[in-house]
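# Secondary and tertiary structure notes
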Amino acid sequence: MPHSNTIHESLTAVFQVRRFPTDVSAGSRGARYPELAVLLWERALDPQKGTWSLPGGRLRDDEDLDTSARRQLAEKVDVRELAHLEQLSVFSAPDRVPAPRRIASAYLGLVPLTTEPELPLDTTWHPVAALPDMSFDHRTVVDHARTRLAAKLSYTNIAYALAPDTFTMSTLREIYCAALGYDVDTTNLQRVLSRRKVITPTGDTAPSGRAGGRPAALYRFTDSGLRVTDEFAALRPPS
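Residues numbered from 1 in each chain as written. Predicted model: local features only at pLDDT ≥ 70, side-chain atom pairs only at ≥ 80, totals over all residues. Heavy atoms only, no water.

Let's shift gears to the packing of aromatic side chains. Per the stated rule, a full pass over the model turns up 1 aromatic pair. Where Phe167 meets Phe221, the ring centres are 5.3 Å apart and the plane angle is 50°; that geometry is what we call tilted. Highlighted residues: Phe167 in the loop between helix 2 (138–155) and helix 3 (169–180) and Phe221 in strand 9 (residues 217–221), separated in sequence by 54 residues. No difference in accessibility class separates Phe167 from Phe221, as the two residues are buried. (Phe/Tyr/Trp six-rings, centres within 6.5 Å; stacked < 30°, edge-to-face > 60°. Helix = DSSP H or I, 4+ residues; strand = E, 2+ residues; numbered from the N terminus. Buried < 20%, exposed > 50% of the residue type's maximum accessible area, 1.4 Å probe, protein only.)

Shown next as structure tokens:
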């Protein structure tokens, strides 16, 4: 029977908003701006030795896909705490990898701004705007994950999974800008998210900076799980 030895694997595009030195993120917005980053590990063996892969691996007979995705992240890149994980798509082109045939169930995972996983030496964060030479169809998976994230930022509260527990509106704006890939107005963002009851004032303020001035108000996300806030909404880049 054709493809009787087909392997089913999980792959996860784990995103986090991070800052990079300018020389690492060439072609992006520079060191002082946070950027959307994806977690990749460098292949030490053929096929495609030296290219960069998404964490993942073979589905075991005794586990479901969600369990497999979380296990692969824990075992291969030592990421054990995700704020959000969802199935993204299935990649099943017959020639996507060398034989034997592999079908990949891809996931989108999100890690908050303030989390710093201890990564193996062969694993690092890369700016999505300046990806290295990637293995097989993994760049396509990253593109799909970025598109899914950007879409959900419009009509859900998914940014809770990228943000710290409490934050100023300027920090939240930076997270949205990084994840969307274009500038967002702070005042408009606050108005929209407050109207949809996505964010809630904590009543506290952030410490004043060196320049002094009025302390910025601190907010938190109203919910710590995913919910639809406006199913017809769409955030768009400025014209």
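Read on for the rest.
Right, let's talk about the nonpolar core for a bit. Core analysis: the biggest nonpolar cluster contains 46 residues, and Phe15, Val38, Leu149, Leu172, Tyr176, Ile199 and Phe221 have the highest contact counts within it. Elements with a contribution of two residues or more to this core: strand 1 (7–18), strand 2 (35–42), strand 5 (84–91), strand 6 (102–110), helix 2, helix 3, helix 4 (186–195) and strand 9. At 8 residues, the largest contribution of residues to this core is made by helix 3. (Core = buried A, V, L, I, M, F, W, Y, C linked by side-chain atoms within 4.5 Å.)

Attention now goes to the packing of helix 2 against helix 3. Contact geometry of helix 2 with helix 3 gives a least axis separation of 9 Å together with a crossing angle of 135°. Relative to helix 3, helix 2 is oriented oblique. Contacts from Arg146, Leu149, Ala150 and Leu153 of helix 2 reach helix 3 at Tyr176, Ala178, Ala179 and Leu180. Across the contact of helix 2 with helix 3, the residue classes tally to 7 nonpolar, no polar and 1 charged. (Axes fitted to C-alpha atoms, helices over the stretch in contact; angles between N-to-C directions. Parallel < 35°, antiparallel > 145°, perpendicular 65-115°, else oblique. Contact = heavy atoms within 4.5 Å. Nonpolar A, V, L, I, M, F, W, Y, C, P; charged D, E, K, R; others polar.)

Attention now moves to helix 3. Compared with the 16 Å implied by 1.5 Å per residue over 12 residues, the 16 Å span of helix 3 between its first and last C-alpha is a close match. Buried within helix 3 are the following residues: Met169, Leu172, Ile175, Tyr176, Cys177, Ala178, Ala179 and Leu180. Buried residues along helix 3 sit in contact with strand 1, strand 2, helix 2, helix 4, strand 8 (199–205) and strand 9. One or two steps after helix 3, the chain reaches Gly181, where phi turns positive at roughly 90°. (Expected span 1.5 Å × (residues − 1).)

Pro47 follows Asp46 through a cis peptide bond whose omega is 5°. Note on placement: Pro47 falls in the loop between strand 2 and strand 3 (52–53). The residue after Ala99, namely Pro100, is reached through a cis peptide bond having omega 5°. If you trace the backbone, Pro100 turns up in the loop between strand 5 and strand 6. One non-glycine residue with positive phi stands out, namely Asp78, at about 60°. Examined against the element boundaries, Asp78 turns out to sit in the loop between helix 1 (65–77) and strand 5. Backbone geometry at Lys197 places phi at a positive 60°, although glycine is not the residue there. Position of Lys197 among the secondary structure elements: in the loop between helix 4 and strand 8.

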